[in-house]
Amino acid sequence: MTHHTGYNFAYLDESTKRMIRRAILKAVAIPGHQVPFGSREMPLPYGWGTGGIQVTAAVLGPTDVLKVIDQGADDTTNAVSIRAFFHRVAGVATTERTAEATIIQTRHRIPERLLTEQQILVYQVPIPEPLGKLEPRIAETRRMHALADYGLMHVKLYEDIARFGHIATSYAYPVMVNARYLMSPSPIPAFDNPKMDQMPALQLFGAGREKRIYAVPPYTSVRSLDFDDHPFRPIRAPHACELCGSRDTYLDEVLIDDVGGRIFVCSDTDHCSERQAMKEAAE
Amino acid sequence: MSMPPLLSARDLELRFGRVAALDGVDLDIWPGEVVAIVGESGSGKTTLLRVLSGLMRPDSGSVDYRGQDVLGMGEAARRRLMRTEWGFVHQNPRDGLRMAVSAGGNIGERLMAIGARHYGNIRAEAANWLGRVEIDAARMDDVPAKFSGGMQQRLQIARTLVTQPKLVFMDEPTGGLDVSVQARLLDLIRALVADLGLAVLIVTHDIAAARLLAHRMLVMREGCVVEQGLTDRVLDDPQHPYTQLLVSSVLAA
């Protein structure tokens with residue numbers, strides 16, 4: 001099916017896409033730096049991925065294959081409707097397979113499968129400013145970024161250890177990009193942080209409500225902040241996936257009945273079904 | 001003195017509209033010296049402190065810190081100075097502390113800002129400094145909001161001194177505290193200053209505090225330094241009519 005003729009390709013008008021691409025180019029040139037952009041009203045509410053969807057619209061071409069994941073899953077409401085949206089307004093092919101996608105828009109997860117140079121990972125970001133909770137003045141946080149004055153972020157980690165005995169930040173764990181800019185990796189679990197380091201794929205971050213775009217170019221160093229005597233540890237539930245038996249992927253806890261029965265399954269549904277298929281083929 | 005001054009200011013002028021907040025102020029501070037600036041409200045004391053520490057730009061004049069032009073330096077350099085060799089103790093501890101961060105975190109912030117990355121060491125240093133300002137180390141993980149006013153002020157001092165600065169600016173550090181707490185705080189400041197060989201520029205309207213702490217004293221009025229000299233000399237033999245008035249207005253207990 002070709003796309004809906006009532007819309008410009010990929011919904012946004014060409015000059016808006018050009019404006020967003022300019023912001024993306026600047027973001028790629030300064031890894032981890034938040035670039036303001038003129039975020040548009042999108043046909044979905046703030047918090048549902050308005051930033052990610054605009055970035056995707058700006059980088060999408062007719063031959064691209066789009067995958068959208070929400071909490072690792074391809075079949076949740078948000079993922080299904082954003083995929084359907086781009087299928088209708090751009091006529092692009094969509095997929096649930098990580099390996100086949102050229103653009104992956106994501107909320108909360110990085111796919112378990114290693115991404116390649118041919119792929120772009122687009123994050124939906126609710127709160128782009130990592131210092132915001134500690135320093136409420138935006139003008140001041142921008143100055144802190146400009147001067148690389150990041151001691152305050154370690155105060156947050158210090159407080160975690162003082163209170164809980166370990167760094168209790170388990171998602172949106174702050175990272176240093178290219179040894180210069182402090183960046184919030186959107187609410188992905190800290191488990192996914194190491195995947196950002198030296199990733200071959202381009203990583204783009206879009207925050208619609210906050211009107212910011214930032215990026216990590218391919219093969220860029222991304223380090224999670226920590227202390228010498230409390231090194232960064234990616235955390236996962238200490239179980240094996242109930243469906244595919246994986247012991248090295250990020251797990252979701254799922255209730256299965258109303259008497260407290262629960263199982264742990266892979267949060268990345270595509271990776272899990274791939275492993276299940278492999279297991280079946282081997283048997 | 002043959003030693004060069006730590007900080008020296010020349011011809012500072014700053015006007016707020018028609019009011020002259022600073023009217024040709026010169027000032028030198030030598031290493032290890034405590035200098036008090038006294039004067040009535042609105043005489044330009046706090047403005048002088050803010051200009052010297054680079055928080056505010058004067059209309060004209062110069063401030064030199066160990067050969068560096070304070071007014072001409074970039075913000076990055078000034079901030080580096082502010083968190084290493086300088087310290088600023090505010091009158092209201094809420095301005096100098098992070099109220100939602102534990103006492104230990106407050107003391108550790110300056111250490112972490114200059115690159116300390118070992119949690120155990122930061123904590124040990126915080127405990128050491130809590131001890132030096134006479135706060136029970138068991139309260140390290142409490143937030144300052146739970147502390148009394150005097151404790152908050154002592155915590156602010158610990159947080160400022162932890163990086164062993166050379167020069168500390170204090171803006172009415174004993175203001176708003178009751179008398180017995182003031183006395184204890186002054187005693188503490190005096191001991192720390194002697195211990196660490198700090199140079200301190202202290203703004204106060206409390207003549208008694210100035211007498212107790214300061215080696216030298218400047219009396220300000222309407223943006224001018226009307227009299228300066230050794231503390232005892234100024235207080236025992238005031239020359240300028242305003243200083244005479246100031247000294248005679250002190251209530252004897």
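Before reading further, recall that the structure is shown in the block above.
Rules of the game
- Residues numbered from 1 in each chain as written.
- Chains lettered and ligands numbered in written order.
- Predicted model: local features only at pLDDT ≥ 70, side-chain atom pairs only at ≥ 80, totals over all residues.
- Heavy atoms only, no water.
- Buried < 20%, exposed > 50% of the residue type's maximum accessible area, 1.4 Å probe, protein only.
- Helix = DSSP H or I, 4+ residues; strand = E, 2+ residues; numbered from the N terminus.
- Pairing = 2+ DSSP bridges.
- Phe/Tyr/Trp six-rings, centres within 6.5 Å; stacked < 30°, edge-to-face > 60°.
- Axes fitted to C-alpha atoms, helices over the stretch in contact; angles between N-to-C directions.
- Parallel < 35°, antiparallel > 145°, perpendicular 65-115°, else oblique.
- Contact = heavy atoms within 4.5 Å.
- Disulfide = S-S within 2.5 Å.

Draft legend 1. Focus on the pairing of strand 7 (residues 167-171) of chain B. Residue and element names in this part refer to chain B. The buried fraction of strand 7 amounts to 5 of the 5 residues, a majority that puts the element mostly inside the structure. Because side chains alternate across strand 7, one face comprises the buried residues Leu167, Phe169 and Asp171, and the other comprises Val168 and Met170, equally buried. Direction of pairing for strand 6 (residues 86-89) relative to strand 7: parallel, over a ladder of 4 bridges. Within strand 7, the residue paired with Gly87 across the bridge is Val168.

Draft legend 2. Spotlight on the packing of aromatic side chains. All names here are of chain A. This structure, assessed with the given rule, holds 12 aromatic pairs over all chains. Taking 5.6 Å as the distance between ring centres and 40 degrees as the angle between the ring planes, the aromatic pair formed by Tyr7 and Tyr11 counts as tilted. Of the residues examined, Tyr11 reaches a relative accessible area of 24% and is grouped as partly exposed. An aromatic cluster is present here, built from Tyr7, Tyr11, Phe85 and Phe86 joined pairwise through their rings.

Draft legend 3. Region of interest: the packing of helix 5 (residues 151-164) of chain A against helix 5 (residues 119-132) of chain B. Close contact between helix 5 of chain A and helix 5 of chain B brings their axes to 11 Å; oriented N to C, the two are set at 80 degrees. By the angle between their directions, the pair helix 5 of chain A and helix 5 of chain B is classed as roughly perpendicular. On helix 5 of chain B, the residues touching A:Tyr158, A:Ile161 and A:Ala162 of helix 5 of chain A are B:Tyr119, B:Ile122 and B:Arg123.

Draft legend 4. Representation of the state of the cysteines. Residues and elements named next belong to chain A. Counted according to the given criterion, the structure contains 0 disulfides over all chains. Of all cysteine sulfurs in the structure, the one in Cys266 sits closest to Cys241, which takes part in no disulfide; the separation is 3.7 Å. Its relative accessible area of 4% is what places Cys241 among the buried residues. Of all cysteine sulfurs in the structure, the one in Cys241 sits closest to Cys272, which takes part in no disulfide; the separation is 3.7 Å.

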